[in-house]
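Each chain is listed here by its residues.
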Amino acid sequence: MEAFPKISVQIPTFNQELFIKDALRSALEQRYENMEVIIADDNITNETTVTARDFLNDSRVRYFKNENNLGRIDNYHKSLYDYCNGDWAINLDGDDYFTNDNFLKEALDLISRNEKENITVFQANHNLDKIKKIFKDHKVISPDAVLIDGPTYFLNYYKVQRFRHCATIYNRKEALKLNFYSFDCLSTDFNSIAKLFLKGNVIISGKTVAHWRQHSCNESQTLDEKNLQKERLSIEQLSQFARPYFNEHQIKKWEKKMKAYIITLYIELLTKKPMTVRSLKYTVRHFSYDITYFKQLIRLIIRYS
């Protein structure tokens, strides 16, 4: 098994004592031997330390506690750059968990068998039929996975509209060159991974391998107009990064589509919260002739009427 690449499963956590056991168990139940599990504890209390002790007898597990609270993004960054040692990496937040024990084994096997294809990202939890329709030039590499040109995947991502950090394996050595997890926005994970799309090819799997646990403490639930502006700035930064790969028309179209996509996500979140006149006005003000947006607008109007 040593011939296979090493993967770092980094588990950044902050006040997630109720969930982190599920994350750790699911990581250690993976049937891939050449791995390390990194707990990056950003807590100021000792609850996670106590929980982690139950797992430290496993030689694959290493526990780090930050001296000061760094915040979500800086904790991601420090874990990847200072704590992890793998050739490949995956981020499993302390409140998420893997649902397929063969996930890492099957993914790394596909990556190894296609090593000449310059793969930078492996993503699962996708609707493979939808992916095949969007990317006509895909290459089937297994019954459940396809290979796609990375820049093409980047340029058409607004059609995919699905990203699960806990189901995304990426080339750590390439990631380190890109100052991963450094942009201050809620979707710093996508901001980082999207750059890797441009650096090689992508494997997309239709298997469900991980669960993103949604609860009231998710940072995604804090998406407001201030954070929405950061998301728009993130898209603009990605546009600048991608300019050498595409012509100006392609970049402008991508940026416009992605900003519209971000707004639909915000409106979708609004539909789950108590309605206000302000949120309704915001939705109407940013109207776009997009079917997803239109559906969300109708839901808001129905709730408010």
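Residues numbered from 1 in each chain as written. Predicted model: local features only at pLDDT ≥ 70, side-chain atom pairs only at ≥ 80, totals over all residues. Heavy atoms only, no water.

**Comments concerning the overall build of the chain**
- Of the regular secondary structure elements, the chain holds 13 helices and 11 strands.
- Out of the 305 residues in the chain, the part that is buried amounts to 53%.
- A sequence separation of at least 24 residues applies to 79% of the contacts in the chain between residues at least 6 apart. (Helix = DSSP H or I, 4+ residues; strand = E, 2+ residues; numbered from the N terminus. Buried < 20%, exposed > 50% of the residue type's maximum accessible area, 1.4 Å probe, protein only. Contact = heavy atoms within 4.5 Å.)

**Details of the pattern of salt bridges**
- A full pass over the atoms with the stated rule returns 15 salt bridges.
- For aspartate 109, the salt bridge is made with arginine 113, and the minimal N-O distance between the two is 3.0 Å. In this pair, aspartate 109 and arginine 113 are both assigned in helix α4 (residues 103-113), 4 residues apart and thus about one turn of the helix distant.
- Across the pair arginine 243 and glutamate 248 runs a salt bridge, and its minimum N-O distance is 2.7 Å. (Salt bridge = Lys/Arg side-chain N within 4 Å of Asp/Glu carboxyl O.)

**Points about the pairing of strand β7 (residues 139-142)**
- Summarising the sheet, β7 and strand β8 (residues 145-149) pair through 3 bridges and their orientation is antiparallel. For valine 140, the partnering residue across the bridge sits in β8 and is valine 146.
- Counting the residues between successive antiparallel strands, the hairpin from β7 to β8 contains 2 residues. (Pairing = 2+ DSSP bridges.)

**Examining helix α3 (residues 72-83)**
- With 12 residues, α3 should reach 16 Å at 1.5 Å per residue; the first-to-last C-alpha distance of 15 Å fits that figure.
- Residues of α3 that are buried include every one of Ile73, Asn75, Tyr76, Ser79, Leu80 and Tyr83, and no others. (Expected span 1.5 Å × (residues − 1).)

**Focus: the environment of arginine 113**
- For arginine 113, a relative accessible area of 52% translates into the label exposed.
- C-alpha of arginine 113 to C-alpha of isoleucine 141: the two residues are 28 residues apart in sequence and 9.3 Å apart in space.

**Some remarks on a positive patch on the surface**
- Residues Lys159, Lys253, Lys256 and Lys257 make up a contiguous surface patch of positive charge.
- Broken down by element, the residue count for the positive patch peaks at 3 residues, all from helix α11 (residues 248-270).
- Within the secondary structure layout, lysine 253 lies in helix α11. (Patch = residues over 30% accessible without salt bridge, like charges linked within 9 Å, V, L, I, M, F, W, Y side chains within 5 Å. Areas by Shrake-Rupley, 256 points an atom, 1.4 Å probe, with all protein chains shown as cover. Lys, Arg positive; Asp, Glu negative; His and termini not counted. Charge placed at Lys NZ, Arg CZ, Asp CG, Glu CD.)

**Examining the sheet that holds β8**
- If you trace the 9 strands from one edge of the open sheet to the other, you get β3-β2-β1-β4-β9-β6-β10-β8-β7, paired in mixed fashion. Taken across any chain shown, the strands that pair with only one partner, and hence form the sheet edges, are β3 (61-65) and β7. Going across the sheet, the axis of each strand differs from the next one's by a mean of 25 degrees, ignoring polarity.
- Where strand β4 (residues 88-91) meets strand β9 (residues 168-171), 3 bridges bridge the pair, whose relative direction is antiparallel. Pairing of tryptophan 88 across the sheet is with asparagine 171, part of β9.
- Contacts from helix α9 (residues 188-197) reach β6 (119-123), β9 and β10 (201-205) within the one sheet, and its direction differs from that of β6 by about 130 degrees. (Axes fitted to C-alpha atoms, helices over the stretch in contact; angles between N-to-C directions.)

**Observations regarding the side chain of threonine 13**
- With respect to the helices, strands and loops of the structure, threonine 13 is situated in strand β1 (residues 7-13).
- In this view, threonine 13 contacts Ile20, Ile39, Ala40, Asp41, Asp42, Asn43, Thr48, Asn75 and Gly94; residues no more than four positions away in its chain are not counted.

**A short note on the side chain of asparagine 156**
- The topology assignment puts asparagine 156 in the loop between α6 (150-155) and α7 (157-160).
- The exposure class assigned to asparagine 156 is buried, which follows from its relative accessible area of 15%.
- Setting aside chain neighbours within four positions, we find asparagine 156 in contact with Ile134 and Phe135.

**Describing the pairing of strand β2 (residues 35-41)**
- For β2, a buried count of 7 out of 7 residues is recorded, marking the element as mostly surrounded by other parts of the structure.
- The alternating pattern of β2 places Met35, Val37, Ile39 and Asp41 and Glu36, Ile38 and Ala40 on opposite faces, both of which are buried.
- The pairing of β1 with β2 spans 7 bridges and is classified as parallel. Of the residues in β2, the one forming a bridge with glutamine 10 is isoleucine 38.
- With helix α1 (residues 20-28) bridging β1 and its parallel neighbour β2, the resulting β-α-β unit is right-handed.
- Pairing of β2 with β3, which is carried by 5 bridges, proceeds in the parallel orientation. From the neighbouring strand, valine 37 faces β3, where its bridge partner is valine 61. (Right-handed = clockwise from strand over helix to strand, strands pointing away.)

**Digging into the nonpolar core**
- Core analysis: the largest hydrophobic core is formed by 39 residues, its most contacted members being Ile131, Tyr153, Phe154, Tyr170, Phe180 and Phe197.
- In this structure, tyrosine 153 is in contact with Gln123, His126, Ile131, Phe135, Ile148, Val160, Phe197, Val202 and Ile204, ignoring residues within four places of it in sequence. (Core = buried A, V, L, I, M, F, W, Y, C linked by side-chain atoms within 4.5 Å.)

**What to know about unusual backbone geometry**
- Notably, asparagine 118 is not glycine yet its phi reads approximately 55 degrees, a positive angle.
- Mapped onto the elements of the fold, asparagine 118 is located in the loop between α4 and β6.
- For asparagine 118, a relative accessible area of 43% puts it in the partly exposed group.
- Of note in the backbone geometry, asparagine 125 takes a positive phi value of approximately 65 degrees without being a glycine.
- When you line up the elements, asparagine 125 lands in the loop between β6 and α5 (128-134).
- Overall, the relative accessible area of 6% leaves asparagine 125 in the buried class.

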